[in-house]
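# What the coordinates show
Read off the chains here:
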Amino acid sequence: MSSQREKVNWLIHTCYVRQDHDECLKIIEQQLLETAFCEYPIYVKALILRQRGQIQDSLSLFQSATCLNPHNTANLKQVGHSLYLLGKHKQAVEVYDEAQRISEEASKRGARTDDWELLHSKGMCYTYLKDFTQAVDCFKKANSLQRHDATFMQLGRCYEQQEMFDEALRVYEDAVDYSPENAELLTTMGLLWLRQGDSARAVLHLGNAMTHDPRSAKAILGWGSITQDNQDMDVALVKYRIAAVATPNSAQLWNNIGMCFFGKSKFVAAISWATTLATAALASASRSNRASSIKSRVVESYLGRRNSSISFTSSSFVLSFWRGRRRRRRSGGASDCCDCWDCRDWR
């Protein structure tokens, strides 16, 4: 009977790894009609449904697979992951605890049970529950079993959220030693050094990140802001052109671009870019129903918060500029934007 249930498992596996999911589901349904209590077909079907966004349905199937084989930690880990994706973090932790208990019992019988993924997933749940002490403990244990870039990143973020920046930097330094070509790690470390006020080390790590990933928008924004502080606006604009392709709706990017023109004393060009900044900010704010009064907040951020050394009369100037722009457009007047080389190049 066991061989009858497992006779097409190889075919199911082959279709799944080839990402031929429709054919895979047909084979699974046919197999379940013949023998309903088949663990592996149910497991694979649940994986496919979760990839298609049907997380609740996949959870039910993973639970069914767990009922068929309660001592299989792979089933329990998938149940926990589905609960995690549904935002049920406490329930996910309970499932991971049960999986860990089964693993420990198996280790007493001589089986190898070093499971980095189990501890990492458990740490992610604790992070969302804001229990950073437990999360740090899980991530450290996961790294002691097998080091991964993702675990280093999550451990560093836990320290950052607790404002333990020295510990976070030590974690990122260990991560960079382990994976020196990871652009995301280098960017994160560079931004943390920038947050700590060490521009020299920030430039070093952000520059290395752009070496490995020249189109990294986060690295370009961090590196460009330092370049702007050094009044090298043209170099910053060259980098921002690259970032604009990757993140065209980034309000921070258009804010920095506008401030570059402002720093070059091209005030009309700087204000004209506030329209793009407002559009990007509105696109972001509309997703969280905070679009009201966005222009005033954009102007405040655009002309005040970006650089405390910049002084401007008031946001009413920009608002009146926008009103005048609309009047000129209605009357068929000339465009308010200047026709300098910089503006033409960015249009």
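About the thresholds
- Residues numbered from 1 in each chain as written.
- Predicted model: local features only at pLDDT ≥ 70, side-chain atom pairs only at ≥ 80, totals over all residues.
- Heavy atoms only, no water.
- Helix = DSSP H or I, 4+ residues; strand = E, 2+ residues; numbered from the N terminus.
- Buried < 20%, exposed > 50% of the residue type's maximum accessible area, 1.4 Å probe, protein only.
- Contact = heavy atoms within 4.5 Å.
- Phe/Tyr/Trp six-rings, centres within 6.5 Å; stacked < 30°, edge-to-face > 60°.
- Expected span 1.5 Å × (residues − 1).
- Polar contact = N/O pair within 3.5 Å; in protein donor to acceptor, adjacent residues only side chain to side chain.
- Axes fitted to C-alpha atoms, helices over the stretch in contact; angles between N-to-C directions.
- Parallel < 35°, antiparallel > 145°, perpendicular 65-115°, else oblique.
- Left-handed = near helix turned anticlockwise from the far one by under 90°.
- Nonpolar A, V, L, I, M, F, W, Y, C, P; charged D, E, K, R; others polar.

This part is about unusual backbone geometry. Leaving glycine out, the prevailing phi sign among residues is negative, and the prevailing peptide bond configuration is trans. Positive phi values are uncommon outside glycine, yet Glu163 reaches one of about 60°. Within the secondary structure, Glu163 is located in the loop between helix H10 (149-161) and helix H11 (165-178). Although it is not a glycine, Gln231 adopts a positive phi angle of roughly 65°. With respect to the secondary-structure elements, Gln231 resides in the loop between helix H14 (217-229) and helix H15 (233-246). Under the relative-accessibility criterion, Gln231 is labelled exposed at 54%.

Here Ala217 lies in helix H14. Note: C-alpha distance between Ala217 and Ser250 (33 residues apart in sequence) is 9.5 Å. Non-local contacts of Ala217, meaning those with residues more than four positions away in its chain, are made with Ala243 and Thr247.

Enumeration according to the criterion identifies three aromatic pairs in this entry. Between the aromatic rings of Tyr43 and Phe62, the centroid separation amounts to 5.6 Å while the plane-to-plane angle is 70°, which identifies the pairing as edge-to-face. Taken together, the residues Tyr43 in helix H4 (residues 39-51) and Phe62 in helix H5 (residues 55-68) connect sequence positions 19 residues apart. Looking at Tyr43, the relative accessible area reads 16%, which means it is buried.

Take helix H6 (residues 73-85) next. The end-to-end C-alpha separation of H6 is 18 Å, in line with the 18 Å expected for 13 residues at 1.5 Å each. Residues Asn75, Leu76, Lys77, Gln78, Val79, Gly80, Ser82, Leu83 and Tyr84 constitute the buried set of H6. Against H4, H5, helix H7 (89-108) and helix H8 (116-128) lie the buried residues of H6. Capping the start of H6, Asn72 holds a side-chain oxygen 3.0 Å from the backbone nitrogen of Ala74, two or three residues further along. With its phi angle positive at about 80°, Gly87 sits one or two positions after the end of H6.

For the rest of this paragraph, the subject is helix H12 (residues 183-195). End to end, H12 covers 18 Å across 13 residues, agreeing with the expected 18 Å (1.5 Å per residue, within 8%). For H12, the complete set of buried residues consists of Ala183, Leu185, Leu186, Thr187, Thr188, Met189, Gly190, Leu192 and Trp193. On the buried face of H12, the contacting elements are H10, H11, helix H13 (199-212) and H14. For H12, the side-chain oxygen to backbone nitrogen distance between the N-cap and Glu184 is 3.0 Å, and the N-cap itself is Asn182. Gly197 occupies a position one or two residues after H12 and carries a positive phi of about 90°.

Attention now goes to the packing of H5 against H6. Two elements in contact, H5 and H6, have axes separated by 9 Å at closest approach and are oriented at 155°. Here H5 lies roughly antiparallel to H6, going by the angle between them. Both H5 and H6 take part in a crossing whose hand is left-handed. From H5, Ile55, Ser58, Leu59, Phe62, Gln63, Ala65 and Thr66 reach across to H6, where they touch Asn75, Leu76, Gln78, Val79, Ser82, Leu83 and Leu85. Residues of the contact of H5 with H6, tallied by class, amount to eight nonpolar, six polar and no charged.

Function cannot be inferred from these measures alone, as they are strictly geometric.
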